[in-house]
Amino acid sequence: MAPKSRKGAAAEKPKAGEEEREEPLQAVILTDPFETRFNPFTLERPRCLLPLANTPLIEYTFEFLANAGVEEVFVYCGAHTGQVEDYIHRSKWYSLSSPFSKLELIRSTSNSIGDAMRDLDSRRILVSDFLLVYGDVVSNLPLEPALTAHRARRATDKNAIMTMVLREAGTTHRTKAQGTCPVFVIDPSKNRCLHFEQMPNREQKKFLSVEPGFLSSHQEIEVRQDLIDCGIDICTPNVLALWSDNFDFQAPRKGFLHSVLKDYELNGKTIHTHIVTEHYAARVRNLHAYDSVSKDIVSRWAYPLCPDSNLLISQSYRLQKGNIYKEEGVILARSCVINRRTVVGQGSSIGDGSVISNSIIGRGCVIGRNVTIDGAYIWDHATIGDGSTVRQAIIATEAAVGKNCKIEPGALISYGVKIASGMTIQGTRRITRAKRKRKNEEDLIKVEPDVSIVGDGGDGFEFMDWDEQEEDEVVEGFAPRGLIYSMANLALSTESISTLNSESEEDQEIYHDRSAAGSFVSIGSVDSLSSQHAANFDHDAATSIYDSLAEGHESANIQLELTSLRMSMNASEHQVRRAVVVAFMKRVSQVIKSGIGAKQAVAQVFGQHKELLERTMFDKSKSSKVDQVDFLLLMQSDLVHRESGDSILLHTSMKLYEMDVFEPEAFEQWWADVKSSEDDGMKKIREKTQPFIDYLENQSEEDEDEDDEEGADSDSE
């Protein structure tokens, strides 16, 4: 997609004698590649285009950036790129009257925020300080004070690389994360963030872990758990460089923020905060937030981001008493009742005796007679039959609910689904008409209806995506009030990103750093602490191994420290292998950058550590090489993002075979595993290794032929 230029707004080169114009304010909007927290809706549509109070989510983000004075916007999109591009091309933001001098959509195959940041760094399009936001940000706050403070800090301290915008919201607020609570430890004299972690919102299980000397090294600190992370960061290009230097960073808070703060003594980089006490800012990061932010918009807490502001040119909402919003062309029967906090879109009709309360009805919807809708979201062109009841559920675009149906709180009915008359849809149901052909693909296939769920003549089946369940996932417990009451038993992914995930670790991931012995524990048991430390094992272990490799430590010493970390953090064998892979691959890449060839670099790094590598695998006596295949898949996935990754993969595979660490069967099983070729990146990175695999297969066939010949000779004797 070519960048759009606005006539008369593009920056011109200064004429002789004129002062050079300062760099334009740039912004990056991250959208989610393979988002799952909104499944099944994001199976077919990008999350940034889902309707929030009948306005696409990304419109609120664009409005915020325009009010902040942003001139150049880059929309970084991973999934459903065509739909996003088509929408932007038709929007006011791409027209000649747009406030942006440049609006460019970046296509990418990145499936995490870490990959996206490294890709942005390689493109060199961000020339100065820039805003990093998500395509689900809803905010009316003026950003000039935060920008001014950030620039003032940068003028005196080049190591101040980022400013996070946080909103003060008290200890309880409906837009705060429900499953976990982000805790920021701040130096109020400098507005500097010193420590960050997540605390579980569970009684008797809260604790905060910091270094033993942490409290004595700062004269004054504030421990804040009353802040909402708005998803608005003011960054310098140094931020992108740090992402590129650390390929194990994937999430912005759990990975990047936590590690930069912890490694301050090593890199000297500081991250600051700008705390807002007024105005509105929130992210629609999951279904709970979708419900909360929708209510805030309808209740005018986010003014002027309200339905009657008519953000879209085609909208015509007018405010009525009781926070009721109606567009022109709404058809209401005489006996229907529209209660408080309700939005009704253009062309929708509501039949006799129907009662609508605390709900948002899209455009072109047909609501029959004697229908009850309470706390629900009915998207464009949906149909609700006579006598049906819908409470605290979402009915997506062009879906149809038959007569006398009951849609229970928490149910999600996706695009085009048809529910036959007389059916009851339980609150745990997520019903769709399509599924992906393969994991991490956008191509959809139609699935036969499940009559037991949608009834005779219905169209749809229950959506079940087991790929959503991440290894260390903590399913969020939703608030007792609001949308999706019974969603606690559904799998809500944390970093799919699928959300350029957003990840979102702020909602559902709980992690803590350091071992129990070296931590300050305020509340909670040691058992609870150990289980949570496992989530942070990756960074500590990978850093320890990498440092040891760089310093030339012996394999036995590295193994001793690794074992200690694993036991103190209760890490799994899979996590151990992942840490070893990240550290070894990072070290090999570093050696190559010094001017040594890939083959020599691999030999140098791996040559002295056979014992360490063998200690990570326990399947040599088994026919199924699960551990060795896991190691190879982790290595392949890591090298997708590294320079000369295909060469490193080939020479590392050959070295591991030569050292007799891995068996031929492991390479064959790895090559046949569907995960090793699940996307274009994984396929491309292994191309150079194909001849080596062919060699192993030929060797295996020759060995079998020799065995057959020996058997025949013995029989003849």
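The structure under discussion appears in the preceding block.
Cut-off values and rules
- Residues numbered from 1 in each chain as written.
- Predicted model: local features only at pLDDT ≥ 70, side-chain atom pairs only at ≥ 80, totals over all residues.
- Heavy atoms only, no water.
- Helix = DSSP H or I, 4+ residues; strand = E, 2+ residues; numbered from the N terminus.
- Buried < 20%, exposed > 50% of the residue type's maximum accessible area, 1.4 Å probe, protein only.
- Areas by Shrake-Rupley, 256 points an atom, 1.4 Å probe, with all protein chains shown as cover.
- Pairing = 2+ DSSP bridges.
- Core = buried A, V, L, I, M, F, W, Y, C linked by side-chain atoms within 4.5 Å.
- Contact = heavy atoms within 4.5 Å.
- Axes fitted to C-alpha atoms, helices over the stretch in contact; angles between N-to-C directions.
- Parallel < 35°, antiparallel > 145°, perpendicular 65-115°, else oblique.
- Left-handed = near helix turned anticlockwise from the far one by under 90°.
- 1 Å grid on protein atoms, 1.4 Å probe; cavity = no way out; pocket = protein on both sides within 12 Å on 5 of 7 lines; lining within 4 Å.
- Points joined across faces, edges and corners; volume = space filled by probe spheres on them.
- Nonpolar A, V, L, I, M, F, W, Y, C, P; charged D, E, K, R; others polar.
- Lys, Arg positive; Asp, Glu negative; His and termini not counted.
- Salt bridge = Lys/Arg side-chain N within 4 Å of Asp/Glu carboxyl O.

Caption draft 1: Spotlight on the overall build of the protein chain. Within the protein chain, the secondary structure is distributed over 21 helices and 38 strands. When burial is assessed residue by residue, the protein chain has 57% of its 717 residues classed as buried. Summed over its atoms, the accessible surface of the protein chain is roughly 30300 Å², and 46% of this surface lies on carbon and sulfur atoms.

Caption draft 2: Examining the sheet that holds strand S32 (residues 412-413) more closely. As summarised here, the arrangement of the nine strands in space is S16-S17-S20-S23-S26-S29-S32-S35-S38, forming an open sheet in which the pairing is mixed. Each of the sheet's edge strands pairs with one partner strand only, and the pair in question is strand S16 (318-320) and strand S38 (461-462). With two bridges connecting them, strand S20 (residues 342-344) and strand S23 (residues 360-361) associate as parallel partners. Within S23, the position partnered with Val-343 by the bridge is Ile-360.

Caption draft 3: A look at the nonpolar core. With 68 residues, the main nonpolar core has Phe-62, Leu-65, Leu-143 and Phe-256 as its most contacted residues. Excluding residues that lie within four positions of it along the chain, Phe-256 makes contacts with Ile-161, Met-162, Val-239, Leu-242, Trp-243, Phe-249, Ala-251 and Ile-271. Listed in part, the 51 residues of the second largest apolar core include Ala-571, Val-588, Val-629 and Leu-649.

Caption draft 4: Up close: the pairing of strand S13 (residues 227-235). The buried fraction of S13 amounts to nine of the nine residues, a majority that puts the element mostly inside the structure. In this sheet, S13 lies alongside strand S7 (residues 130-134) in antiparallel orientation, the contact comprising three bridges. Note on S13: the bridge partner recorded for Leu-131 is Ile-234.

Caption draft 5: Highlighting the pairing of strand S2 (residues 26-30). Among the five residues that make up S2, five are buried, leaving the element largely enclosed by the rest of the structure. In terms of strand pairing, S2 meets strand S5 (residues 72-77) through five bridges, oriented parallel. Of the residues in S5, the one forming a bridge with Ala-27 is Val-73.

Caption draft 6: Geometry of the sheet that holds strand S18 (residues 331-332). Sheet architecture is open: six strands sit in the order S18-S21-S24-S27-S30-S33, paired in parallel fashion. Of all the strands in the sheet, the pair left with one neighbour each is S18 and strand S33 (418-419). Bridging between strand S27 (residues 383-384) and strand S30 (residues 400-401) involves two bridges; their strand directions are parallel. Bridge assignment links Ile-384 to a residue of S30, and that residue is Val-401.

Caption draft 7: How the structure looks around the packing of helix H17 (residues 626-639) against helix H19 (residues 664-672). Interaxial distance between H17 and H19 falls to 9 Å at its minimum, and their mutual angle equals 55°. The orientation of H17 with respect to H19, classified from their angle, is oblique. Along this stretch, H17 crosses H19, giving a crossing that reads as right-handed. Of the residues in H19, those touching H17 at Gln-628, Val-629, Leu-632, Leu-633 and Gln-636 are Ala-666, Phe-667, Gln-669 and Trp-670.

Caption draft 8: Structural view of empty space enclosed by the protein. Of the volumes computed, that of the second largest cavity is approximately 60 Å³. Lining the second largest cavity, in full, are Ile-113, Met-117, Leu-132, Tyr-134, Met-162, Asp-233, Cys-235, Val-239, Trp-243, Pro-252, Arg-253 and Phe-256. Going through the elements one at a time, helix H3 (113-123), S7, S13, helix H5 (237-245) and helix H6 (252-262) are the ones with two or more residues in the lining of the second largest cavity. Looking at the lining of the second largest cavity element by element, the count peaks at three residues for H6. Looking at side-chain class alone, the lining of the second largest cavity contains ten nonpolar, no polar and two charged residues.

Caption draft 9: Inspection of the side chain of Arg-153 at higher detail. If you trace the backbone, Arg-153 turns up in helix H4 (residues 144-156). Salt bridges are absent for the buried Arg-153, whose nearest opposite-charge side chain, Asp-157, sits at 7.8 Å. If near-sequence neighbours (up to four positions away) are discounted, Arg-153 is found in contact with Ala-160, Thr-163, Lys-190, Asn-191 and His-272.

Caption draft 10: Just H3, in detail. Within H3, nine of the eleven residues are buried, which leaves it mostly tucked inside the rest of the structure. Those residues of H3 that sit buried are Ile-113, Gly-114, Asp-115, Ala-116, Met-117, Arg-118, Asp-119, Leu-120 and Asp-121. Looking at the packing, one finds that the buried side of H3 touches S2, S5, strand S6 (102-107), S7, H5 and H6. Directly beyond the C-terminal end of H3, a positive phi value near 60° is found at Arg-124.

Caption draft 11: Summary view of the environment of Ser-122. Structurally, Ser-122 is set in helix H3. Since its relative accessible area comes to 51%, Ser-122 is described here as exposed.

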